[in-house]
Amino acid sequence: MTVDHRDPTPLYVQLAAAIRADITSGNFAKDDLIPSESYLQQTHGVSRVTVRKAMEVLRTEGLIYTLPQRGSYVR
C-alpha cells in the first residue's frame, strides 16, 4: 500500500495507515525494525516531515517505539 497524492486525506495519515496495515497483517513482527525515514520518503514519495508525523501517530497509538540513533521498532 502506498500514499495517493490526489486523495484529500493528509499524506501522513495515509502513510501511518500503510505502516499500521503492515504491522497488523504480520509483515512486521514484534521488535522488527521499521524502514528508515529516507527509505519511506523514497518509496512513498513524501517529505521527511510527513514520515515523522506518521511515525508520531504510530508511537501515540502504541504500535511502535523509537530508540534514538537506532530507529523505530514494532511494539
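What this report covers is the structure whose coordinates are included nearby. Note that the coordinates shown come from a computational prediction; the quantities given were computed from them, not determined experimentally. (Residues numbered from 1 in each chain as written. Predicted model: local features only at pLDDT ≥ 70, side-chain atom pairs only at ≥ 80, totals over all residues. Heavy atoms only, no water.)

**A few points about unusual backbone geometry**
The residue Asp31 is not glycine, and still its phi comes out positive at about 70 degrees. One can find Asp31 in the loop between helix H1 (11–24) and helix H2 (37–44). Here Asp31 falls in the partly exposed class, since its relative accessible area comes to 39%. With phi around 65 degrees, Gln69 is a residue other than glycine that occupies positive phi space. The residue Gln69 is located in the loop between strand E1 (64–67) and strand E2 (71–74) in this model. (Helix = DSSP H or I, 4+ residues; strand = E, 2+ residues; numbered from the N terminus. Buried < 20%, exposed > 50% of the residue type's maximum accessible area, 1.4 Å probe, protein only.)

**A look at the environment of Thr60**
As for its position among the elements, Thr60 is in helix H3 (residues 48–60). A relative accessible area of 62% means that Thr60 is categorised as exposed. Between the C-alpha atom of Thr60 and that of Gln41, which follows or precedes it by 19 residues, the distance is 21 Å.

Fair warning: the whole summary comes from geometry, so function is off the table for now.
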